[in-house]
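Okay, here's what each chain looks like letter by letter:
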Amino acid sequence: GDVLAQLPHLRLPRRMSSKSRSDLSCDGVAYYTSESKNGVPIHVWKPCSVDAEMCILVLNLPSTLPWSMQKPSLDMMAAAVIDEFQAQVFVLTTGAHPLPEGGLLLADFLVDLLDLIEELPLQDPFVLVDNSFGMATSIMW
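Residues numbered from 1 in each chain as written. Predicted model: local features only at pLDDT ≥ 70, side-chain atom pairs only at ≥ 80, totals over all residues. Heavy atoms only, no water.

Moving on, we come to helix α2 (residues 67–85). Quick reminder: α-helices carry 3.6 residues per turn. Residues three or four places apart thus point the same way. Over its 19 residues, α2 runs 25 Å from end to end, which matches the ideal 27 Å to within 8%, given 1.5 Å per residue. Burial in α2 covers these residues: Gln 70, Lys 71, Leu 74, Asp 75, Ala 78, Ala 79, Ala 80, Val 81, Ile 82 and Asp 83. (Helix = DSSP H or I, 4+ residues; strand = E, 2+ residues; numbered from the N terminus. Expected span 1.5 Å × (residues − 1). Buried < 20%, exposed > 50% of the residue type's maximum accessible area, 1.4 Å probe, protein only.)

As structure tokens, this is what we get:
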């Protein structure tokens, strides 16, 4: 049969709200950016009306697109999964690890990435969406 007909129906995203961490009162979905202890930006979407029942971590790296071009599609994805599954969505982008001059060893990148992930308030277990072109795939094992 038709593959698209077999996929679960996801409702259109609710209204997005860009609020600061201190003010998350809204209708639908709240978005904010927080920082790790090392100043790494962490993009977060969460439901406004209920507690999150699950966490989704999206590793969206490396990306050649600026954040202003990535965010609209992530807004739609986050709103859809929040509406359907009451999930809290954390997104780490290329800015999650500033590259030193001369590059970075993959092993060092993975150690720093794991430290950052352990800092996040993720529920156990959580869903990992790996959009790293294979760079971060080994952290799943």
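Before going further, it helps to examine the nonpolar core. Soluble, globular proteins show a tendency: their nonpolar side chains are buried together. Leu 57, Leu 59, Phe 90, Leu 92, Leu 113 and Ile 117 are the most contacted members of the largest nonpolar core, which totals 19 residues. Of all the secondary-structure elements, those providing two or more residues to this core are β3 (41–47), β4 (54–60), β5 (87–93) and α3 (106–119). The element that contributes the greatest number of residues to this core is α3, accounting for 5 residues. Apart from the residues lying within four places of it in its own chain, the contact partners of Leu 59 are Leu 92, Leu 113, Ile 117, Leu 128, Val 129, Asp 130, Asn 131, Ser 132, Ala 136 and Ile 139. Core analysis: the next-biggest nonpolar cluster, separate from the first, contains 13 residues, Val 29, Trp 45, Ala 79 and Ala 87 among them. (Core = buried A, V, L, I, M, F, W, Y, C linked by side-chain atoms within 4.5 Å. Contact = heavy atoms within 4.5 Å.)

Here the focus is the pattern of salt bridges. This model, assessed by the stated rule, comprises 1 salt bridge. Close ionic contact of Lys 71 with Asp 75 constitutes a salt bridge, the shortest N to O distance being 3.0 Å. With Lys 71 and Asp 75 both in helix α2 and 4 residues apart, the pair spans about one turn of that helix. Each member of the pair, Lys 71 as well as Asp 75, is classed as buried. (Salt bridge = Lys/Arg side-chain N within 4 Å of Asp/Glu carboxyl O.)

On to the packing of aromatic side chains. Scanning all chains against the criterion turns up 2 aromatic pairs. When the centroid spacing of 4.8 Å and the interplanar angle of 45 degrees are considered together, the rings of Tyr 31 and Trp 45 count as tilted. One end of the pair, Tyr 31, is in strand β2 (residues 29–35); the other, Trp 45, is in strand β3, and 14 residues separate them in sequence. On the accessibility criterion, Tyr 31 (9% relative accessible area) is buried. Its relative accessible area of 0% is what places Trp 45 among the buried residues. Ring geometry for Trp 45 against Trp 67: centres 6.4 Å apart, planes inclined by 50 degrees, an arrangement best described as tilted. Here Trp 45, found in strand β3, pairs with Trp 67, found in helix α2; they are 22 residues apart in sequence, far enough to count as distant. For Trp 67, a relative accessible area of 23% puts it in the partly exposed group. By way of ring pairs, the aromatic residues Tyr 31, Trp 45 and Trp 67 are connected into one cluster. A cation over a ring is seen here: Lys 71 above Tyr 31, with NZ or CZ 4.2 Å from the ring centre. (Phe/Tyr/Trp six-rings, centres within 6.5 Å; stacked < 30°, edge-to-face > 60°. Lys NZ or Arg CZ within 6 Å of the ring centre and 35° of its normal.)

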